[in-house]
Amino acid sequence: MLPYTVNFKVSARTLTGALNAHNKAAVDWGWQGLIAYGCHSLVVVIDSNTAQTLQVLEKHKADVVKVKWARENYHHNIGSPYCLRLASADINGKIIIWDVAAGVAQCEIQEHAKPIQDVQWLWNQDASRDLLLAIHPPNYIVLWNADTGTKLWKKSYADNILSFSFDPFDPSHLTLLTSEGIVFISDFSPSKPPSGPGKKVYISSPHSSPAHNKLAAATGAKKALNKVKILITQEKPSAEFITLNDCLQLAYLPSKRNHMLLLYPREILILDLEVNQTVGVIAIERTGVPFLQVIPCFQRDGLFCLHENGCITLRVRRSYNSIFTTSNEEPDLDPVQELTYDLRSQCDAIRVTKTVRPFSMVCCPVNENSAALIVSDGRVMIWELKSALCNRSSRNSSSGVSPLYSPVSFCGIPVGVLQNKLPDLSLDNMIGQSAIAGEEHPKGSILQEVHLKFLLTGLISGLPSPQFAIRMCPPLTTKNIKMYQPLLAVGTGNGSVLVYHLTSGLLHKELSIHSCEVKGIEWTSLTSFLSFATSTPNNMGLVRNELQLVDLPTVFANKGRSIAFRGERGNDESPIEMIKVSHLKQYLAIVFKDKPLELWDVRTCTLLREMSKNFPAITALEWSPSHNLKSLRKKQLATREAMARQTVVSDTELSIVESSVISLLQEAESKSELSQNISAREHFVFTDNDGQVYHLTVEGNSVKDSARIPPDGSMGSITCIAWKGDTLVLGDMDGNLNFWDLKGRVSRGIPTHRSWVRKIRFAPGKGNQKLIAMYNDGAEVWDTKEVQMVSSLRSGRNVTFRILDVDWGTSDKVILASDDGCIRVLDMSMKSTCFRMDEQELTEPVWCPYLLVPRASLALKAFLLHQPWSGQYSLDISHVDYPENEEIKNLLQEQLHSLSNDIKKLLLDPEFTLLQRCLLVSRLYGDESELHFWTVAAHYLHSLSQEKPASTTATKESAPRDKLSNPLDICYDILCENAYFQKFQLERVNLQEVKRSTYDHTRKCTDQLLLLGQTDRAVQLLLETSADNQHYYCDSLKACLVTTVTSSGPSQSTIKLVATNMIANGKLAEGVQLLCLIDKAADACRYLQTYGEWNRAAWLAKVRLNSDECTDVLKRWVDHLCSPQVNQKSKALLVLLSLGCFYSVAETLHSMRHFDRAALFVEACLEYGALEVTEDTDILCEKLIAAIYADYARSLKNLNFKQGALLFASKAGAAGKDLLKELESPKEELTKE
């Protein structure tokens, strides 16, 4: 490698600016770790860790309104690899599916020409991972296959659909938010459109309920909130009840089943969908800042809320546990009245102005510990949650907010105090579960209290809003290659100049140097430039002219300001029209609107000449590229000799003089020269109003008029001139270009019919005769040698934006500044192209295995998972036998380097178990299905291994108690331990009971209590029915029945007979209730399953049956889930894990060809001794394990990951023999040779 390298490669890219109002909701944070957002018609992709722009996708012709990353909820292998897929939709109804890494559109979808309202990928990806549901206004939902662009089905509804939300627990449930109310769809399926119009409910807005006015008084607030009861009604509310107009958002809670939130500007309502009732309200005080958006969390019952001032808050549900009551106090007998969410952390607000306001927020779906805020001015702010332990004494006890505790386990497994852990890895590793009411915290466990705070860890800012004046620094030459940097200066409307480094696309320097709009910039060297700005004219047409000279190194060094180039001049004079610096960067010509030309010396900032009053008015001016360097050198040598005669110089000083001469020739700047006033002769040409061309010579402060060329009759008023080599090009008001060949003395006029030629500029590079011309409606690139057009771009025809300024970036790249606030670096064809992400130069390495070729990303995963290699923990891929080409190995090594030190420390920690490693890697890869699988697997493998030693009679009693101290999170619903699940259901029904307001609600609560076996409570509710209710008699009899049910034979058989008759005659729910009354819940579950109520059956089994009966019911459910017409095998696997059927899990994984997961799972089971090997199953089990290992070894061999293949082939015993031979044979051949 050279000791000094400069990166001056300029690749095509787009620098983006402020967003458009349509882009408000167009943002998404994918499982892949990247954030995508819409900026006008572009889609920008940024990395959330390093806050770098990775890709800008350009193909939409209209503003982007929605972007959505594809889900990663499927098993990844070489056939279905990790890839970056993104859907984006625009206001013209077009949806584009992108391969983001390659920057190409895979598929384009169009149904109507109206803006897409909402679009989402289906989260259950067992059957297909390509399904995308979209709302096409006004009232259609369409299911698309996003891989082929095929429409699978289309369905219309009665009302205009605004948005929709999928139930995260049940893929067949979908809820639409319409202009009138809410529509629940319970039979959503990819294979056919939903039947019927769905169940429609209306919401009376909380503002319209009379109770709401009382909220002001603090004491009455609680009571008032309890009165905001009936929100969901089947009937259309009367006119004075405003309907859903001000409901901003609807979303299911992913943390617990059948709960939904509705967002209003001043409150969030939590609904329990089983009873269609508000069970929690988060209201903002009168002085508080209204909500804009809310994102419910999955791992904990928490909400990320965005407020109108750009502040993001995190609220976590308060846990009602008996920790607060000391032993001598009576515990609070009143059950939970309300779901309360406490404010736990908030970030700083932004300054909101007319043009700057928060647009939307996204949250990291993998770890849920960071949020990104998109601001209308193009800023992206990434806020990360950090947790800090705090001691008990410092806690403010009067706050009334229950403390948050850090969890006992890390990455799924309880860890000791001294063990390595990274609490900020994810939300569920930061804060423990909210305890359920009435649950004791285990005695003796050390609970550490934590506080959360937001930290700004990333900020991307866009370009300011246009106007723009752009100018690229002088081109790369052989002389300046050592210090060259491709810098682009962008002058803006507010008077600042931004300098961008075009290799990385990052802002190099922002300089506030003017007080008004920057009109033009000219570079005077590689690191210094002149910029001019003019204020708005007064009534006499005079302005304040500002002309500043900026030298970037000195600005850096002294934080210094720019120099006012014209000193005190500039107030109340005619506006500057243009500035032009000569080719040797010696002279500057300043052209005014109604004032003669000024000539300045750039090196000394002195005025050489101000032309006389009768000097012609200038319409265009250009310096000649030919200059007299020979005479300059002669003069310089003479000066040197004179200097040498005056002083005797030592060698070292001589070398200094040598180098100064070189710099003279490069920059024509040196002290001796200036004192002797040495300067080379340079020429410039300009045209006047009549089109006459003047040629003037400048040497020192003398200006000689050398020639005049009469106007060309075919040209109108000349607006611009460009000169390079022997070619001079003129452009005029009428869109004519005139090419002069100075050597051949011929001229050629070409009418472009494009109106006013605003600017023409030659491309840099010796012999490169390409030229860019800018018009009012676009730009063209011409080849002046052949006098023909190379490419053209016209606003309104092939692009939607208008061009504001053009320049050349390199000899083959043009730079366009446009009115959509973007600056594009394009190749000469001026076709907007997205780049390949792997070709881009990034200043900081980015962890994103999705950018690797499929086999490399899977090999990297295996390398991380199966540590240690040959007994050594290492993150150096060269330590393992991996015969892959060097380029791929280097890319893998780069990926490993880009991991944070904390993560590296965990991966290299020998105490970090295999299960924890699997969980960590699934987080690093953003692999949704792996994350859920390993979370459940780690939990149950660990808890079973805890139970095993506790099999002696003395400790048997305490085993289940201990199990509950660290249960599986309730967001896993049906997969939780039965006892914990029961407690949660009881708490929920208590809450429903407190909130009930109508007879219907009471009846639903009664039914739930009966199923849960809470007969006394149910009887109380049944007896509450008032005498004028039509169900009074029925309910009274039912109360009598429930209290008198005895276990005598005859009554049991009668009730059973009645129940079966009811079920046979279509009264399933009533029959099931009767069966539960006589403790025949197992039969009830069977009936429910027969009638297709699988979820209900599983629920009932978990709350009523003993573990063996429950297992039977759930195993039948597993068979149903695995059946081809249901095809939810991933769900089935999780259910099997929760039952502890580990052998079946391994078998199912192997049959699904998920060899990597199967092999890792078997390893983990063996580590925990969890695969029960008895005499009769011994051979079967060993056979299965060998088959899994052998198949996994083969798949690793396909990835070229030889060492991993050898490892597992050797573990597979007989099954892996042939493979071992095959793998080792190349080695033998090498040794023979």
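As recorded by an unreviewed UniProt entry, the protein carries the name WD repeat-containing protein 11 and is attributed to Otolemur garnettii.

Chemist: Just checking my understanding: could you explain the overall build of the protein for this structure?
Modeler: Each helix and strand in the protein was counted, giving 28 helices and 60 strands. Within the span of the protein, comprising 1233 residues, buried residues form 55% of the whole. Long-range contacts, defined as pairs at least 24 residues apart, comprise 56% of the intrachain contacts of the protein with a sequence gap of at least 6. A total accessible area of about 53,500 Å² is found for the protein, and carbon and sulfur atoms account for 52% of it.

Chemist: Can you walk me through the side chain of Thr619 in this structure?
Modeler: Here Thr619 lies in the loop between β45 (606-610) and β46 (620-623). Polar contacts involving the side chain of Thr619 include one to the side chain of Thr687, which spans 2.7 Å. Looking at Thr619, its side chain comes within polar contact range of the main-chain oxygen of Ile718, at 2.9 Å. Beyond its immediate sequence surroundings of up to four residues, Thr619 is in contact with Met578, Thr687, Asp688, Asn689, Ser717, Ile718 and Thr719.

Chemist: Just to check I follow, could you spell out the sheet that holds strand β28 (residues 370-375) for this structure?
Modeler: What links the strands of a sheet is backbone hydrogen bonding, and the strands pair in either a parallel or an antiparallel sense. Read across the sheet, 5 strands follow the order β27-β28-β29-β33-β30 without closing on themselves; strand pairing throughout is antiparallel. For this open sheet the edge positions go to β27 (358-363) and β30 (404-405), each flanked by a neighbour on one side alone. As judged from the 11 bridges shared by strand β29 (residues 380-390) and strand β33 (residues 449-460), these two strands associate in the antiparallel manner. In the strand pairing of β33, Ala388 is matched with His451.

Chemist: Help me understand the sheet that holds strand β54 (residues 757-762), please; the structure alone is not making it clear to me.
Modeler: Here 4 strands make up an open sheet; going across it, the order is β54-β55-β56-β57 and the pairing antiparallel. If you trace the sheet from one side to the other, it starts and ends with β54 and β57 (788-794), each paired once. Here the strands of the sheet are splayed against their neighbours by 15° on average, with no regard to which way each runs. Looking at chain direction, strand β56 (residues 778-783) and β57 are connected through 6 bridges and run antiparallel. In the strand pairing of β57, Gly778 is matched with Arg794.

Chemist: Would you mind showing me how to read the nonpolar core here?
Modeler: Within soluble globular proteins, side chains that are nonpolar generally end up buried alongside one another. Ranked by size, the top nonpolar core spans 177 residues in total, and within it Leu1100, Phe1161 and Phe1201 carry the most contacts. When we break this core down by domain, the ones giving at least three residues each are domain 1 (1-113 + 827-847) and domain 4 (972-1128). Among the nonpolar cores identified, the runner-up in size contains 32 residues, and Ala489, Leu498, Tyr500 and Ile521 belong to it.

Chemist: Mind showing me how you'd approach the packing of helix α15 (residues 999-1011) against helix α16 (residues 1015-1023) here?
Modeler: Axis angle and axis distance: for two packed helices, these are the angle between their axes and the distance between the axes, and together they describe the pair. Here α15 crosses α16 at 155°, and the two axes come no closer than 8 Å. Classified by the interaxial angle, the pair formed by α15 and α16 is roughly antiparallel. Where α15 crosses over α16, the handedness of that crossing is left-handed. Judged by residue contacts, Thr1002, Cys1005, Thr1006, Leu1009 and Leu1010 of α15 engage Arg1017, Ala1018, Leu1021 and Leu1022 from α16. Residues of the contact of α15 with α16, tallied by class, amount to 6 nonpolar, 2 polar and 1 charged.

Chemist: Help me out: how do you make sense of the pattern of salt bridges in this one?
Modeler: When the charged atoms of two side chains with opposite charge come close together, those side chains can pair. Summed over the entire model, instances satisfying the criterion amount to 51 salt bridges. The salt bridge involving Arg85 is made with Asp130; its shortest N-O contact spans 2.7 Å. Of this pair, Arg85 sits in strand β7 (residues 85-90) while Asp130 sits in the loop between β10 (118-121) and β11 (131-136), and the two are 45 residues apart along the sequence. Judged by its relative accessible area of 14%, Asp130 falls in the buried class. Note that Asp342 and Arg318 form a salt bridge whose closest N and O atoms lie 2.9 Å from each other.

Chemist: It is not clear to me how helix α17 (residues 1032-1044) should be interpreted in this structure. Could you clarify?
Modeler: Owing to its 3.6 residues per turn, the α-helix aligns residues three or four sequence positions apart on the same side. Taking 1.5 Å per residue, 13 residues should reach 18 Å; α17 reaches 19 Å between its end C-alpha atoms and fits that length. Of the positions making up α17, those classed as buried are Asp1035, Ala1039 and Val1042. When α17 is viewed along its axis, its buried side chains cluster within an angular range of 70° and face the same direction. Exposed residues lying more than 90 degrees from the buried face of α17 are Tyr1033, Cys1034 and Thr1044. Residues of α17 that are buried in the fold lie against α15, α16 and α19 (1068-1077).

Chemist: Would you take a moment to explain the packing of aromatic side chains for this structure?
Modeler: Here a ring pair, both rings aromatic, is described through the centre-centre distance and the interplanar angle of the planes. In total, this model carries 24 aromatic pairs according to the counting rule given. Ring geometry for Tyr82 versus Tyr850: centroids 5.3 Å apart, planes at 80°, classification edge-to-face. Of this pair, Tyr82 sits in the loop between β6 (64-69) and β7 while Tyr850 sits in the loop between β60 (823-827) and α7 (854-865), placing them 768 residues apart in sequence. Look at Tyr82 and you get buried, because its relative accessible area is 2%. For the ring pair Phe410 and Phe912, a centre distance of 6.3 Å and an interplane angle of 40° mean the geometry is tilted. Separated by 502 residues along the polypeptide, Phe410 in strand β31 (residues 409-410) and Phe912 in the loop between α9 (901-907) and α10 (914-925) bring together distant segments of the chain. Side by side, Phe410 and Phe912 carry an identical accessibility label, which is buried. Of the aromatic side chains, those joined through ring pairs into one cluster are Tyr587, Phe615, Trp623, Phe684, Phe686 and Tyr694. Between the NZ or CZ atom of Lys1102 and the centre of the ring of Phe981, over which it lies, the distance is 5.9 Å.

Chemist: Mind showing me how you'd approach the side chain of Ser88 here?
Modeler: Its location among the elements puts Ser88 in strand β7. The exposure class of Ser88 is buried, given its relative accessible area of 0%. Within the structure, Ser88 has its side chain in polar contact with the side chain of Trp98 (distance 2.8 Å). Ser88 has contacts with Val43, His60, Val64, Lys66, Val67, Lys94, Ile95, Ile96 and Trp98, leaving out every residue within four places of it along the chain.

Chemist: Explanation requested: α16 in the structure shown.
Modeler: Where α16 is concerned, the buried positions are Ala1018, Val1019, Leu1021 and Leu1022. Seen from one end, α16 has its buried residues packed into an arc of 165°, which puts them on one side. The exposed residues of α16 that point more than 90 degrees off its buried face are Asp1016 and Leu1023. Taken together, the buried residues of α16 touch α14 (978-995), α15 and α17.

Chemist: Would you mind going over the environment of Asp424 with me for this structure?
Modeler: You can see Asp424 is positioned in the loop between β32 (413-414) and α2 (427-430). Asp424 sits 37 residues away from Ser387 along the chain, and the two C-alpha atoms are 6.4 Å apart. When residues no more than four places from it in sequence are discounted, the contact partners of Asp424 are Asn369, Leu385, Lys386, Ser387 and Met430.

Chemist: What should I look at first to understand the confidence of the model for the protein in this one?
Modeler: Where the model shows low pLDDT, its predicted coordinates should not be examined in detail. Per-residue confidence for the protein averages 85 on the pLDDT scale, and 85% of its residues sit at or above 70. Ignoring residues within four places in sequence, the model shows residues 950-963, a span with pLDDT below 50, making 7 contacts including any to other chains.

Chemist: Whenever I open this one, the environment of Arg344 confuses me. Can you help?
Modeler: Here Arg344 lies in strand β26 (residues 341-346). Classification of Arg344 as buried rests on a relative accessible area of 15%. Separated by 109 residues in sequence, Arg344 and Lys453 have C-alpha atoms that sit 8.0 Å apart. When sequence neighbours within four positions are dropped, the list of residues in contact with Arg344 reads Leu314, Arg315, Val316, Val401, Ser402, Pro403, Leu404 and Leu452.

Chemist: Whenever I open this one, the pairing of strand β8 (residues 94-99) confuses me. Can you help?
Modeler: Successive residues of a regular strand alternate their side chains across the two faces of the sheet. Across 5 bridges, β7 lies against β8 in antiparallel orientation. Considered in β8, the bridge of Ala87 is made with Ile97. Linking β7 to β8, which pair antiparallel, is a turn of 3 residues; within it Gly93 sits at a positive phi near 85°. As defined by bridge partners, β8 adjoins strand β9 (residues 104-110) across 6 bridges and the pair is classed as antiparallel.

Chemist: Got a minute to help me understand unusual backbone geometry in this structure?
Modeler: The bulk of non-glycine residues show a negative phi, and the bulk of peptide bonds are trans. Pro137 connects to Pro138 through a cis peptide bond whose omega is 0°. Here Pro138 is to be found in the loop between β11 and β12 (140-145). Cis geometry marks the peptide bond from Gln867 to Pro868; its omega dihedral reads -5°. Topologically, Pro868 is positioned in the loop between α7 and α8 (886-897). Residue Arg745 is not a glycine yet carries a positive backbone phi of 50°. Tracing the backbone shows Arg745 in the loop between β52 (736-741) and β53 (746-751). What makes Arg745 exposed here is its relative accessible area of 76%. Phi at His753 is positive, roughly 55°, even though this residue is not glycine. Residue placement: His753 occurs in the loop between β53 and β54. Using a relative accessible area of 67% as the deciding quantity, one classes His753 as exposed.

What counts and what doesn't
- Residues numbered from 1 in each chain as written.
- Predicted model: local features only at pLDDT ≥ 70, side-chain atom pairs only at ≥ 80, totals over all residues.
- Heavy atoms only, no water.
- Helix = DSSP H or I, 4+ residues; strand = E, 2+ residues; numbered from the N terminus.
- Buried < 20%, exposed > 50% of the residue type's maximum accessible area, 1.4 Å probe, protein only.
- Contact = heavy atoms within 4.5 Å.
- Areas by Shrake-Rupley, 256 points an atom, 1.4 Å probe, with all protein chains shown as cover.
- Polar contact = N/O pair within 3.5 Å; in protein donor to acceptor, adjacent residues only side chain to side chain.
- Pairing = 2+ DSSP bridges.
- Axes fitted to C-alpha atoms, helices over the stretch in contact; angles between N-to-C directions.
- Core = buried A, V, L, I, M, F, W, Y, C linked by side-chain atoms within 4.5 Å.
- Domains from an automatic or database assignment.
- Parallel < 35°, antiparallel > 145°, perpendicular 65-115°, else oblique.
- Left-handed = near helix turned anticlockwise from the far one by under 90°.
- Nonpolar A, V, L, I, M, F, W, Y, C, P; charged D, E, K, R; others polar.
- Salt bridge = Lys/Arg side-chain N within 4 Å of Asp/Glu carboxyl O.
- Expected span 1.5 Å × (residues − 1).
- Arc of directions from axis to C-beta.
- Phe/Tyr/Trp six-rings, centres within 6.5 Å; stacked < 30°, edge-to-face > 60°.
- Lys NZ or Arg CZ within 6 Å of the ring centre and 35° of its normal.
- pLDDT = per-residue confidence, 0-100.

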